[in-house]
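# Architecture and fold: a report
Letter by letter, the chains look like this.
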Amino acid sequence: ANRIVVKIGTSSLIYPSGEINLRNIDQLAFVLSSLCNQGKQVILVSSGAIGVGLNQLSLTERPASIAAQQALASIGQSKLIMMFSQRFEHYGQKIGQLLLTHDVFDYPQSRQNVLNTFDELLQQRIIPVVNENDSVAVDELDHKTRFGDNDQLSAIVTSRTNSDLLIMLSDIDGFYDMNPLKNPEAALISQVSQINQETFNLAGDKGSRFGTGGMVTKLLAAERLINENRQMVLANGRDPRVIFNILDGEPVGTWFT
Ligand code: ADP
């Protein structure tokens, strides 16, 4: 894989206590900088803006109002990108920030503008760091129309930038035959090559692709990429160095291929 997208979830960036996981931010910067050094083109899709915003304001609960969450995202995003920028710089790597909405890819003009930015950054060996633009779009915040913590956005970015592989880092080792949080006997599925209603039935209790929730949006992302002959790997982001293992083709996580 020469052009890859890495998506990291909030759980890998913020501890349950609300503290920022500086170790993971540093490790991620280290791993992605080394990959760039080896000539790979890397795009990072990072969640975590609201989590960092909560931390900045010493809040423990996510506010109910969407506007308050947008404000938190605005505070958190600038701090998050500052932390990334600093850690990447430590490894001699430059980054550029892209705050996107899903619909920029629906219009030819804005789509072309965004793709030109990606291409230019990647050609200059700069890592684009992408997040949803929460002050403009509330898809991610509004639970009724929830797109799922950047899962969909990362699949769209992988597809539109013609990347070969999406590495999705979550708080779970991969895709299981039932929700492992509720069933201790759940078994990891190491490879999925076809996604159908049965696959969706394994994700959570609702068993519907229209339900919300962690695994459903990840399966929708995988479904899209498989159909385009791209690959997705779902792995645990507890140690971002797992990205090296994935790129070495080791059997970690779940390969959607
Ligand atoms: P992230 O914030 O990293 O995107 P999510 O919380 O959205 O992570 O999604 C991961 C969660 O999905 C897991 O922690 C697990 O509780 C839940 N889940 C539901 N069904 C499954 C399944 N079949 N296999 C693995 N995880 C599942």
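Everything that follows concerns the structure shown earlier in this document.
Let us look at the structure shown here.

About the criteria used
Residues numbered from 1 in each chain as written. Predicted model: local features only at pLDDT ≥ 70, side-chain atom pairs only at ≥ 80, totals over all residues. Heavy atoms only, no water. Near = heavy atom within 4 Å. Polar contact = N/O pair within 3.5 Å; in protein donor to acceptor, adjacent residues only side chain to side chain. Helix = DSSP H or I, 4+ residues; strand = E, 2+ residues; numbered from the N terminus. Nonpolar A, V, L, I, M, F, W, Y, C, P; charged D, E, K, R; others polar. Salt bridge = Lys/Arg side-chain N within 4 Å of Asp/Glu carboxyl O. Buried < 20%, exposed > 50% of the residue type's maximum accessible area, 1.4 Å probe, protein only. Pairing = 2+ DSSP bridges. Contact = heavy atoms within 4.5 Å. Axes fitted to C-alpha atoms, helices over the stretch in contact; angles between N-to-C directions.

We now examine the site of the ligand. Among the 20 residues in the neighbourhood of the ligand, the closest are listed as Ser170, Asp171, Tyr176, Leu202 and Lys218. Here an oxygen atom of the ligand sits 2.8 Å away from a polar atom, N or O, in the side chain of Ser170. Contact between the ligand and Leu202: a nitrogen atom at 3.0 Å from a main-chain N or O atom of the residue. Of all the secondary structure elements, the ones that give two or more residues to the shell around the ligand are strand 6 (175-176) and helix 8 (214-227). When residues of the shell around the ligand are assigned to their parent elements, the largest contribution, three residues, is made by helix 8. Of the residues contributing to the shell around the ligand, the split by class is nine nonpolar, seven polar and four charged.

The next thing to look at is the pattern of salt bridges. This structure, assessed with the given rule, holds eight salt bridges. The closest approach of N and O atoms between Asp151 and Lys218, which form a salt bridge, is 3.0 Å. Highlighted residues: Asp151 in helix 6 (residues 151-160) and Lys218 in helix 8, separated in sequence by 67 residues. The class of Asp151 is buried, set by a relative accessible area of 1%. On the accessibility criterion, Lys218 (8% relative accessible area) is buried.

Here we come to the sheet that holds strand 5 (residues 165-170). With respect to topology, eight strands assemble into an open sheet ordered 3-4-2-1-5-9-10-8, the strand pairing being mixed. Because the sheet does not close on itself, it has two edges, and the strands there are strand 3 (95-100) and strand 8 (191-192). Bridging between strand 9 (residues 231-236) and strand 10 (residues 254-256) involves three bridges; their strand directions are antiparallel. By the bridge assignment for strand 10, Met232 is matched with Phe256. Packing of helix 6 onto the sheet brings it into contact with strand 1 (3-8), strand 2 (41-46), strand 3, strand 4 (127-132) and strand 5, and relative to strand 5 it is tilted by some 160°.

Turning our attention to helix 6. Of all 10 residues in helix 6, nine are buried, a share of seventy percent or more. Of all the residues in helix 6, the buried ones are Asp151, Gln152, Leu153, Ser154, Ala155, Ile156, Val157, Thr158 and Ser159. Remark: Asn162 follows helix 6 within two positions and exhibits a positive phi of approximately 55°.

Looking now at the side chain of Ser154. With respect to the helices and strands, the residue Ser154 is situated in helix 6. The contact partners of Ser154, leaving out residues within four places of it in the chain, are Val5, Lys7, Val45, Leu166 and Met168.

As a further point, take unusual backbone geometry. The residue Ser58 is not glycine, and still its phi comes out positive at about 55°. For Ser58, the location among the structural elements is in the loop between helix 3 (49-56) and helix 4 (66-90). On the accessibility criterion, Ser58 (65% relative accessible area) is exposed. Positive phi values are uncommon outside glycine, yet Asn162 reaches one of about 55°.

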